[in-house]
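# Notes for the structure review
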Amino acid sequence: MVSEKMYELGTKKSTIRTIFEFGRKRAAEVGEENIFDFSLGNPNVPTPPFIKDAIVDILENMDVNAIHGYTVAPGHPKVRETLAKSLSKRFNDDITANNLFITAGAAAAITITFKALCEENDEFIAIAPFFPEYKPFVENVGGKLVIVPPKVEDFQIDFDAFKNKITSRTKAVIVNSPNNPSGAIYSEDTLKTLAKILTEKEEEYNHPIFIVSDEPYREIAFDGNIVSYIPKIYKNTIVCYSYSKSFSLPGERIGYILVPPSVTDFQKIYGAIAGAARVLTHVNAPSLWQYVIAKCADKPSDIETYKKNGKLLYEGLTDAGFSCVKPQGAFYLFPKTLEPDDYAFCERAKKYDLLLVPGADFGAPGHFRAAYCVKTETIERALPLFKKLAEEYK
Ligand code: PLP
């Protein structure tokens, strides 16, 4: 009667959903302030005031039908022109309006890109730990997600393992740096090695292998860590960007796909992206939000809270005996669990109302994810509880 696959996807509770529901139930029992919910990647930094100013300006000064009307599917040409200028200047590239396709956030950008690229039996490589939605997104377009195990010492890439996963059917490698859930940023060396391997494999198999660079956390980088502009390192890179995290706008659904001019057969790829967007019923990204991001194209992101929270949580957890890679960006810590079974560990943490996500959900068992996009005070009050939890294992 219905697609069993869709039914399963729509009704099977994700771990995060289950944790969220547990948190709601406990909040009703012990009070909201006594729940330490580190499970959600929802930005807590207030949406910057320049966003409100831009909205007001647009509402007061633009033609109302234009504000709420359709735009062409890739996005209003003037909006794309403005973003293209801003990106060209920032990344020293020759990006024009024709290289950009505005989407409803990164999720849409990635899905449209996968759909555009995927031919029968194609494989997409994800490097663990990875954003779990990649699996349904890739499978939905008929592709197969191939997973490279994590390099747990630093969450860069285990290149021996990586090489073993590339086949003649590899269509793309998904890169997500700064990374959800590890907080790692791929170094320039890592990206150069990745580029070298892919270039050799492209020659061996005689077809392009793309990097799909999923970059919702691009602006959130700490302590001098640099988020490289990957198209300058590897030409067949398609960038998927979102304003969900950088401007705290996750509910508004706005982002873009950048197909840089360097990409092999650029016109064909861009055309396929337009076709994929069409069948996925994209129509156009929300018009008002297109105008807003054009007005705010050169505005900075406020990352101070994430920087402060990351340091506080990292130092507190390592002090309590946890082993953890120092956060470089995004707003997640990904420490080792204190017992091999990460589900059992996260279950035990619930005793202290610490809500954590098991690493196995991200392809890296033996770890847990703590999202620190929470109030600093929540972290301060949670640290003694993490200490008590750690003491249970001594
Ligand atoms: N990619 C990664 C790695 C994410 O963490 C998220 C959201 O948390 C997304 C994509 C989706 O972002 P958006 O809200 O822009 O669709």
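Reading the values: rules and limits
Residues numbered from 1 in each chain as written. Predicted model: local features only at pLDDT ≥ 70, side-chain atom pairs only at ≥ 80, totals over all residues. Heavy atoms only, no water. Pairing = 2+ DSSP bridges. Helix = DSSP H or I, 4+ residues; strand = E, 2+ residues; numbered from the N terminus. Near = heavy atom within 4 Å. Polar contact = N/O pair within 3.5 Å; in protein donor to acceptor, adjacent residues only side chain to side chain. Nonpolar A, V, L, I, M, F, W, Y, C, P; charged D, E, K, R; others polar. Phe/Tyr/Trp six-rings, centres within 6.5 Å; stacked < 30°, edge-to-face > 60°. Lys NZ or Arg CZ within 6 Å of the ring centre and 35° of its normal. Axes fitted to C-alpha atoms, helices over the stretch in contact; angles between N-to-C directions. Contact = heavy atoms within 4.5 Å. Buried < 20%, exposed > 50% of the residue type's maximum accessible area, 1.4 Å probe, protein only. Domains from an automatic or database assignment. Buried area = accessible area lost by both parts, 1.4 Å probe. Salt bridge = Lys/Arg side-chain N within 4 Å of Asp/Glu carboxyl O. Parallel < 35°, antiparallel > 145°, perpendicular 65-115°, else oblique. Left-handed = near helix turned anticlockwise from the far one by under 90°.

## Remarks on the sheet that holds strand 12 (residues 368–371)
Reading across from one edge, 9-12-11 is the order of the 3 strands in this open sheet, with antiparallel pairing throughout. A strand with exactly one partner marks an edge of an open sheet, and here the two such strands are strand 9 (332–333) and strand 11 (357–358). Examined bridge by bridge, strand 9 and strand 12 share 2 bridges and lie antiparallel to one another. Across the sheet, the residue bridging to Tyr332 is Ala371, located in strand 12.

## As for the site of the ligand
Inspection of the region around the ligand gives 15 residues, with Ala106, Asp214, Tyr217, Ser242 and Arg253 positioned closest. Side-chain polar atom of Ser244 to an oxygen atom of the ligand: 2.8 Å apart, as the coordinates give it. Separating an oxygen atom of the ligand from a side-chain N or O atom of Arg253 is a distance of 2.6 Å. The element contributing the most residues to the shell around the ligand is helix 6 (residues 105–117), with 4 residues. The class makeup of the residues in the shell around the ligand is 7 nonpolar, 5 polar and 3 charged.

## Some thoughts on the packing of aromatic side chains
Taken as a whole, this structure holds 25 aromatic pairs when the rule is applied. Measuring from centroid to centroid gives 4.8 Å for Tyr306 and Phe331, while their planes differ by 50°, and the two rings are tilted. Separated by 25 residues along the polypeptide, Tyr306 in helix 12 (residues 304–320) and Phe331 in the loop between helix 12 and strand 9 bring together distant segments of the chain. An aromatic cluster of three or more residues is present, and its members are Phe38, Phe322, Phe345, Phe368, Phe386 and Tyr393. For the cation-ring pair, Arg24 lies above Phe20, with the distance from its terminal atom to the ring centre recorded as 5.6 Å.

## A word on the sheet that holds strand 5 (residues 170–175)
Across a sheet, strands are paired by hydrogen bonds formed along the backbone, either parallel or antiparallel in direction. Pairing in this open sheet of 7 strands is mixed, and the strands run 2-8-7-6-5-3-4 from one edge to the other. Both edges of this open sheet fall to strand 2 (100–103) and strand 4 (144–148), since each of them pairs with a single strand only. The mean angle between the axes of side-by-side strands here comes to 20°, regardless of whether they run parallel or antiparallel. As defined by bridge partners, strand 2 adjoins strand 8 (residues 255–258) across 4 bridges and the pair is classed as antiparallel. By the bridge assignment, Thr103 is partnered in strand 8 with Gly255. Most of the contacts of helix 5 (residues 77–91) go to strand 2, to which it runs at about 115°, and overall it touches strand 2 and strand 8.

## Let's talk about the side chain of Ser248
Relative to the helices and strands, Ser248 resides in the loop between strand 7 (237–242) and strand 8. With relative accessibility at 9%, the residue Ser248 sits in the buried group. Excluding residues within four positions of it along the chain, Ser248 makes contact with Pro43, Val45, Pro46, Thr47, Tyr243 and Tyr306.

## Brief notes about the domain arrangement of the chain
Along its sequence, the chain is carved into domain 1 (4–47 + 302–391) and domain 2 (68–295). Contacts between the two partners involve 27 residues from domain 1, matched on the other side by 33 residues from domain 2. Among the residues of domain 1 in contact with domain 2, Val325, Gln328 and Phe362 are the three that bury the most area, contributing 25% of the side total. Summed over the shared surface of domain 1 and domain 2, the number is 1 salt bridge. Connecting domain 1 to domain 2 are 12 residue pairs in polar contact (both at pLDDT 80 or more). Secondary structure elements with two or more residues in the side of domain 1 that touches domain 2: helix 1 (4–11), helix 12 and strand 9. The class makeup of the residues in the side of domain 1 that touches domain 2 is 16 nonpolar, 7 polar and 4 charged.

## Looking at the pattern of salt bridges
Overall, the coordinates contain 24 salt bridges when judged by the stated rule. For Glu139, the salt bridge identified is with Lys5, shortest N-O distance 3.5 Å. Of this pair, Glu139 sits in helix 7 (residues 134–140) while Lys5 sits in helix 1, and the two are 134 residues apart along the sequence. Relative accessible area serves as the criterion here: at 45%, Lys5 is assigned to the partly exposed category. Connected through salt bridges with shared partners, the residues Arg90, Glu215, Arg218 and Glu219 form a single ionic network.

## Considerations on the side chain of Ser86
Mapped onto the fold, Ser86 is located in helix 5. Excluding its chain neighbours within four sequence positions, the residues that come into contact with Ser86 are Ala297 and Asp298.

## Observations regarding the packing of helix 5 against helix 11 (residues 287–295)
Two elements in contact, helix 5 and helix 11, have axes whose closest approach is 9 Å; the angle formed by their N-to-C orientations is 30°. With respect to each other, helix 5 and helix 11 are oriented roughly parallel. Of the two possible hands of crossing, helix 5 and helix 11 adopt the one that is left-handed. In this structure, helix 5 uses Val79, Thr82 and Leu83 to contact helix 11, whose residues at the interface are Gln290, Tyr291, Ile293 and Ala294. Class assignment of the residues belonging to the contact of helix 5 with helix 11 gives a composition of 5 nonpolar, 2 polar and no charged.

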